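Inside the fold
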Amino acid sequence: MKLSVGTNFDDRLPILLKDSHVDVFYGKLSSDLVGGGRPTFALPTIDRVRVEEHVKLLHAYGFKFNYLLNATCLDNLETTKDFHYRLRELLEWIGTLQPEYVTVSLPMLIDMVRTALPDVKISLSTFANVNTLRQAQYFEEKGVSEITLPESRNRDFAFLESLRKNTRCDYQLIATNDCMLDCPMRQNHANFQSHASQCNHVTDGFALDYYMLRCTERKLQHPEELLKSQWIRPEDMYVYEELGYHKFKLTERMKTTEKIAATAQSYSERKYEGNLLSLLNSRMAEADFEMPNFSKNIKEDFAPSDKMRQVYRLLFSFQASIDNESLEGFLEGFRSKRCDRMDCDKCGYCAEWASRTVSMAKPGDEALKEFEQLFAALASGSFFESAAGAKAVWSTEGESLLGAVIGRKPEFIRDMAGPEIRKKSEELAAARGSAEVLRQDVAKANVLCTPADFRMFALSDLRALGFDTAELDLEEAAG
């Protein structure tokens, strides 16, 4: 058994996993010319120097490295002169890392990478969606060394047997994805993620993941989707090894170092006791994931920041539990099934197992209502309407504090300070996602509209008026 694990470029990872079955670490820059399978905002912010140092350490511990260039769409730029010059430079740098593998999705990139890096093995991404023997044979003839199969094929044992009997290249199975079976949005989602990690894209890392939101909503509505999803339990890897499959890919590189290492250890030990979903890339707990770089997603020109925060929170609204040990024997039921040719409602196998093994946390109905409202707002376009465009409504307390702070200003600046503080107060209210101007907006506007050298007096005036300035004091001290 050989495990492929995503790196978050924390140098503790190779140390924690030096005695495991991990063979390869995969990863990439937060964004680059080609892009990959995860949006920039959700990845650690790293530069080339950090990658170089980390890969050198991985090699020192005996691990291999796989650089990801697995975008599914390059806006047709791959056929332009400028892109080729820039890609050549990127590939030359990747070559200095001495990676054992480079992962690609696009056929044209196979030729480009093989030409620039003839000694590097080419790994074909799951995004290439190899679903038939003929597709696998084609890419094998193209010189691909390894193919990562789409996880929707993990339980199609007849297909897996056919591949092993009729091809010679290596295959890798994804063990920890929780994607819907035969997800109808799979290719759209891959395109979205590709553009969300390209340094030359107009959105510059902004990523509103409609597809993951829809996926989360679907699982809330239909818990059996959790069992239809084609994950592989640590205890069941032997089934695939008996078929000749010995490479397993573990996601998710957006998780914390401790969580990545713990998951890899569970698969190395072929045993796990607990909630299976915590091994998968399911968003069960924010504490398991690194804090995203929200600056990429907070762009008022694209969408209101308060609504984007709601989107991120909804991704973690799905709470469920599956006792891993309760699934013993579940995989056996697929030995003679062809799920791609069956009606799930008529079969009922996964639904019956879900009724016994899946525990859903409440309040699911409240989350579903939020999803419904969100999708309606996206469809109508109201999601993109900022409160900044609405007419401000002043609270009584806000008007009162504004009058009081203006009254404490020197008389010669009151006529100028009044309109300025009023405007800034309304802007701060809009930034909160509200049209109502509160005391806190006025207090902060009063400080911001005061020259830096005199802000101590503005804070003193607020305290004299009975306003608690503790939070403003901290902000001012932090600069």
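Here, the structure is the one placed above.
Note that this is a predicted model, so its numbers are computed, not measured.

Quick notes on a nonpolar patch on the surface
Together, Phe454, Met456 and Phe457 give the surface a local cluster of nonpolar side chains, amounting to about 350 Å² of exposed area. Mapped onto the secondary structure, methionine 456 falls in helix H19 (residues 455–464).

What to know about the packing of helix H18 (residues 439–448) against H19
It is at 8 Å that the axes of H18 and H19 come closest, and there the two elements cross at 155°. When the axes of H18 and H19 are compared, the pair comes out roughly antiparallel. Like other packed secondary-structure pairs, H18 and H19 cross with a definite hand, here right-handed. Here Ala443, Asn446, Val447 and Leu448 of H18 come into contact with H19, specifically with Arg455, Ala458, Leu459 and Leu462. For the contact of H18 with H19, a count of residues per class yields six nonpolar, one polar and one charged.

Here's the deal with the packing of helix H8 (residues 210–221) against helix H12 (residues 305–315)
Closest axis-to-axis distance for the H8/H12 pair is 10 Å, and the angle between their directions is 45°. The orientation of H8 with respect to H12, classified from their angle, is oblique. Two packed elements cross with a definite hand, and for H8 against H12 that hand is left-handed. Every residue of H12 that contacts H8 at Met212, Leu213 and Thr216 is listed here: Val311, Leu314 and Leu315. Its residues assigned to classes, the contact of H8 with H12 shows five nonpolar, one polar and no charged.

A few points about the environment of serine 326
For serine 326, the location among the structural elements is in the loop between strand E9 (320–322) and helix H13 (344–347). Separated by 27 residues in the primary sequence, serine 326 and tryptophan 353 place their C-alpha atoms 9.5 Å from one another. Contacts of serine 326, omitting those with residues within four sequence positions, involve Trp353 and Thr357. Among the polar contacts made by the side chain of serine 326, one reaches the main-chain carbonyl oxygen of aspartate 323 at a distance of 2.6 Å.

Observations regarding the packing of aromatic side chains
Applying the stated criterion across every chain yields a total of 21 aromatic pairs. For the ring pair phenylalanine 206 and phenylalanine 302, a centre distance of 5.1 Å and an interplane angle of 50° mean the geometry is tilted. On the criterion of sequence distance, the pair formed by phenylalanine 206 in the loop between helix H7 (186–195) and H8 and phenylalanine 302 in the loop between helix H11 (257–269) and H12 is long-range, its members being 96 residues apart. Geometrically, the ring pair formed by phenylalanine 371 and phenylalanine 375 is stacked, given 6.1 Å between the ring centres and 25° between the ring planes. Here the residue phenylalanine 371 and the residue phenylalanine 375 both occupy positions in helix H15 (residues 364–380), the gap between them amounting to four residues, near one helical turn. Among the residues examined, phenylalanine 375 registers a relative accessible area of 7% and is labelled buried.

Overview of the nonpolar core
Counting 114 residues, the largest nonpolar core has Leu69, Ile147, Leu227 and Tyr240 as its most contacted members. The dominant element in this core, judged by the number of residues it contributes, is H15, at seven residues. In contact with isoleucine 147, other than residues within four places in its own chain, are Leu124, Val130, Ala136, Phe139, Cys169, Asp170, Tyr171 and Gln172.

Quick notes on the sheet that holds strand E8 (residues 247–250)
Sheet architecture is closed into a barrel: eight strands sit in the order E1-E2-E3-E4-E5-E6-E7-E8, paired in parallel fashion. Averaged over neighbouring strand pairs, the angle between their axes works out to 25° when direction is ignored. Here strand E1 (residues 2–6) runs beside strand E2 (residues 22–27); their pairing, made up of four bridges, is parallel. The residue bridging serine 4 from the neighbouring strand is valine 24, located in E2.

Describing the pairing of E1
Here E1 lies mainly inside the structure; four of its five residues are buried. Alignment of E1 against E8, held across four bridges, turns out to be parallel. Looking at E8, one finds that lysine 2 is bridged to lysine 247.

Quick notes on helix H4 (residues 107–116)
Of the residues making up H4, those classed as buried are Leu109, Ile110, Met112 and Val113. Turning to H4, the residues buried within the fold contact strand E3 (64–69), helix H3 (81–96), strand E4 (101–104), strand E5 (121–124) and helix H5 (133–141).

Comments concerning the pattern of salt bridges
Applying the stated criterion across every chain, the model contains 36 salt bridges. A salt bridge links aspartate 19 to lysine 18; the shortest N-O distance between them is 3.3 Å. A salt bridge links glutamate 427 to lysine 424; the nearest nitrogen and oxygen atoms lie 3.4 Å apart. Of this pair, glutamate 427 and lysine 424 both sit in helix H17 (residues 414–431), three residues apart, which is roughly one turn of the helix. By relative accessible area, glutamate 427 is classed as partly exposed at 39%.

Basis of the calculations
- Residues numbered from 1 in each chain as written.
- Predicted model: local features only at pLDDT ≥ 70, side-chain atom pairs only at ≥ 80, totals over all residues.
- Heavy atoms only, no water.
- Patch = residues over 30% accessible without salt bridge, like charges linked within 9 Å, V, L, I, M, F, W, Y side chains within 5 Å.
- Areas by Shrake-Rupley, 256 points an atom, 1.4 Å probe, with all protein chains shown as cover.
- Salt bridge = Lys/Arg side-chain N within 4 Å of Asp/Glu carboxyl O.
- Helix = DSSP H or I, 4+ residues; strand = E, 2+ residues; numbered from the N terminus.
- Axes fitted to C-alpha atoms, helices over the stretch in contact; angles between N-to-C directions.
- Parallel < 35°, antiparallel > 145°, perpendicular 65-115°, else oblique.
- Left-handed = near helix turned anticlockwise from the far one by under 90°.
- Contact = heavy atoms within 4.5 Å.
- Nonpolar A, V, L, I, M, F, W, Y, C, P; charged D, E, K, R; others polar.
- Polar contact = N/O pair within 3.5 Å; in protein donor to acceptor, adjacent residues only side chain to side chain.
- Phe/Tyr/Trp six-rings, centres within 6.5 Å; stacked < 30°, edge-to-face > 60°.
- Buried < 20%, exposed > 50% of the residue type's maximum accessible area, 1.4 Å probe, protein only.
- Core = buried A, V, L, I, M, F, W, Y, C linked by side-chain atoms within 4.5 Å.
- Pairing = 2+ DSSP bridges.

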